[in-house]
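# Architecture at a glance
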Amino acid sequence: MSKQAVGVIGGGAWGTALAQMLASDGRAVRLWAFEAPVVEEVNAQHRNTPYLAGIDLNPGIRATTDLADLADLPMLLVVTPAQHMRRVLAGLPQGEGDLVLCCKGIEEATGELMVDAARAAAPGRPLAVLSGPTFAHEVANGQPTAVTLACESEAQWDRIAPLIWRPAFRPYFSTDIIGAEIGGAVKNVLAIACGVVEGLRLGQNARAALIARGFAEMTRFGLACGAQAETLSGLSGLGDLVLTCSSMSSRNFSLGKALGEGRKAADVLADRATVAEGAFTAPVLQRVAKARGVAMPIVDTVCALLAGQVAAGDAVAALLARPLTAE
Ligand SMILES: NC(=O)C1=CN([C@@H]2O[C@H](COP(=O)(O)OP(=O)(O)OC[C@H]3O[C@@H](n4cnc5c(N)ncnc54)[C@H](O)[C@@H]3O)[C@@H](O)[C@H]2O)C=CC1
Ligand SMILES: O=C(CO)COP(=O)(O)O
């Protein structure tokens, strides 16, 4: 009997890598992409040059620009940029399949997490969140990766984990959907800050300090929003924070490095087709944190840098000059 087909909404680096991972056990994967040329290249050449160059895609991946082609599948991974997710999902015909949210961000216009935006855009569909330390190229190459798969219930986990698990792709069960989302959204902003430290050549001590103090901010914010501490210290929180704050493979880190070297955020972003989610999440995260009375000085600093209100060197000096406090 042939395996159940599954779907992926979003033909960027991460959606394409997830499609490749899902197709690796011989099942059919339908991939929705925003751009028609991406669809044509995936179907004709089994390549996605704009977003995942150098990877030979499994011919079991069939791409489309029509969401109706995915509507009846039992599971859809949702992998658009966070700020486009609500509008894309609003175009998905009704169905009963699980939506597994894989984008990392907070919606700028509403301050909502992806799960709240998805609930409004695709009412009635069961929702889960997949998040963790996952550079797209490594997953596409079949390198070992572990993620948090936060589900609404054990029954949902029993339904979708077997569709997602592969020998080199290992999901861990959680029911903390809020925690899984907050880790992924906040770490992108903190990765920009770590990139700034790299751009200014401030050294490894400074970067480790920023990761630890950034994690304290993530934890304060997460707990205030109802996340569980163990999720924040797991794969989708600390795990992803460490990955993204340590590598030029991260778009957020490399954006921060350019800021540290004195470039303007708008200029760096204008040169890219790929998304650095932290640039969109930072201002809305700052807004939500303020409304909840959560102090996030590193996030505030990233916001000021992105807005061009302060030079990178001055921003770091201001962080270091804050009054001494308990850890
Ligand atoms: N690349 C990675 O290694 C990982 C990315 N993610 C997350 O996955 C999400 C998607 O990121 P990537 O796949 O890396 O994207 P990407 O940066 O590779 O590509 C940009 C994506 O945006 C889409 N797009 C552009 N304009 C659009 C519009 N108006 N409406 C809908 N889609 C539009 C493009 O079609 C393309 O799929 C983000 O939230 C990211 O944080 C999560 C884990 C790993
Ligand atoms: O989320 C990611 C790795 O887990 C990818 O990070 P960037 O979006 O910064 O490249």
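Residues numbered from 1 in each chain as written. Chains lettered and ligands numbered in written order. Predicted model: local features only at pLDDT ≥ 70, side-chain atom pairs only at ≥ 80, totals over all residues. Heavy atoms only, no water.

The share of residues in the chain with pLDDT of 70 or more is 100%, and the mean pLDDT across the chain is 97. The ipTM assigned to the predicted complex is 0.99, against a pTM of 0.98. (pLDDT = per-residue confidence, 0-100.)

Moving on to the pairing of strand S7 (residues 145–150). Both faces of the sheet carry side chains from a regular strand, because those side chains alternate between them. S7 sits mainly inside the fold: five of its six residues count as buried. As judged from the three bridges shared by strand S6 (residues 127–131) and S7, these two strands associate in the antiparallel manner. When the bridges of S7 are listed, Ser131 appears paired with Thr148. Bridge count between S7 and strand S8 (residues 169–174): six bridges; the pairing is parallel. Bridge pairing in S8 places Val147 opposite Pro171. Assessed by its sense of winding, the connection that carries the chain from S7 through helix H6 (residues 154–164) to S8 is right-handed. (Buried < 20%, exposed > 50% of the residue type's maximum accessible area, 1.4 Å probe, protein only. Helix = DSSP H or I, 4+ residues; strand = E, 2+ residues; numbered from the N terminus. Pairing = 2+ DSSP bridges. Right-handed = clockwise from strand over helix to strand, strands pointing away.)

On to the site of ligand 2, then. Neighbouring ligand 2 are 13 residues; Lys187, Asp240, Ser250, Arg251 and Asn252 lie closest to it. Lys104 places a polar side-chain atom, nitrogen or oxygen, 2.8 Å from an oxygen atom of ligand 2. Contact with the protein chains removes 92% of the 310 Å² of surface that ligand 2 exposes when unbound. Of the pockets mapped on this structure, ligand 2 occupies the largest pocket. A total of three residues in the shell around ligand 2 trace back to one element, the largest contributor, which is helix H10 (residues 235–244). Two domains each provide a minimum of three residues to the shell around ligand 2, namely domain 1 (6–175) and domain 2 (179–320). (Near = heavy atom within 4 Å. Polar contact = N/O pair within 3.5 Å; in protein donor to acceptor, adjacent residues only side chain to side chain. Areas by Shrake-Rupley, 256 points an atom, 1.4 Å probe, with all protein chains shown as cover. 1 Å grid on protein atoms, 1.4 Å probe; cavity = no way out; pocket = protein on both sides within 12 Å on 5 of 7 lines; lining within 4 Å. Sits in = over half its atoms within 2 Å of the grid points. Domains from an automatic or database assignment.)

Running from amino to carboxyl end, helix H14 (residues 297–306) crosses helix H15 (residues 312–320) at an angle of 160 degrees, the nearest separation of the two axes being 10 Å. Relative to H15, H14 is oriented roughly antiparallel. H15 is crossed by H14, and the crossing has right-handed handedness. Residues Pro297, Ile298, Thr301 and Leu305 of H14 form the contact with H15, whose participating residues are Ala312, Ala315 and Leu319. For the contact of H14 with H15, a count of residues per class yields six nonpolar, one polar and no charged. (Axes fitted to C-alpha atoms, helices over the stretch in contact; angles between N-to-C directions. Parallel < 35°, antiparallel > 145°, perpendicular 65-115°, else oblique. Left-handed = near helix turned anticlockwise from the far one by under 90°. Contact = heavy atoms within 4.5 Å. Nonpolar A, V, L, I, M, F, W, Y, C, P; charged D, E, K, R; others polar.)

A few words on the environment of Val78. Inspection of the secondary structure assignment puts Val78 in strand S4 (residues 75–78). Remark: the alpha-carbon pair of Val78 and Gly203, spanning 125 residues in sequence, is separated by 37 Å. If sequence neighbours within four positions are ignored, Val78 has contacts with Ile9, Met85, Leu89, Leu99, Val100, Leu101, Cys102 and Cys103.

The full count for this structure, using the stated rule, is one cavity of 30 Å³ or more. Looking at the largest cavity, the residues that line it are Cys103, Lys104, Gly105, Val129, Ser131, Ala180 and Glu181. When residues of the lining of the largest cavity are traced back to their parent elements, those giving at least two are S6 and helix H7 (177–199). Within the lining of the largest cavity, the residues separate by chemical class into three nonpolar, two polar and two charged. (Points joined across faces, edges and corners; volume = space filled by probe spheres on them.)

This part covers the sheet that holds strand S3 (residues 61–64). Taken in spatial order, the eight strands make up an open sheet running S3-S2-S1-S4-S5-S6-S7-S8, and their pairing is mixed. Two strands in the sheet have a free side with no partner beyond their single neighbour: S3 and S8. Strand-to-strand twist of the sheet, defined as the mean angle between neighbouring strand axes without regard to direction, takes the value 25 degrees.

What follows deals with the domain arrangement of the chain. Its domain assignment divides the chain into domain 1 (6–175) and domain 2 (179–320). Look at where the C-alpha atoms of domain 1 and domain 2 centre, and you get two points 25 Å apart. Counting residues at the interface gives 28 residues for domain 1, matched by 26 residues for domain 2. Among the residues of domain 1 in contact with domain 2, Lys104, Ile106 and Phe135 are the three that bury the most area, contributing 31% of the side total. There are one salt bridge connecting domain 1 and domain 2. Among the ionic pairs, Asp240 bridges to Lys104, the shortest N-O distance being 2.6 Å. (Buried area = accessible area lost by both parts, 1.4 Å probe. Salt bridge = Lys/Arg side-chain N within 4 Å of Asp/Glu carboxyl O.)

Moving on, we come to the site of ligand 1. Around ligand 1 lies a shell of 24 residues, among which Ala13, Trp14, Glu35, Val275 and Glu277 are the nearest. Here Glu35 contributes a side-chain N or O atom positioned 2.8 Å from an oxygen atom of ligand 1. Lys104 has a polar backbone atom sitting 3.0 Å from an oxygen atom of ligand 1. Contact with the protein chains removes 89% of the 830 Å² of surface that ligand 1 exposes when unbound. Mapping ligand 1 onto the cavity grids shows that it belongs to the largest pocket. Mapped by element, the contributors of at least two residues to the shell around ligand 1 are helix H1 (13–23) and helix H3 (82–90). Along the lines of polarity and charge, the residues of the shell around ligand 1 split into twelve nonpolar, seven polar and five charged. Of the domains in this structure, domain 1 (6–175) and domain 2 (179–320) are the two that each give at least three residues to the shell around ligand 1.

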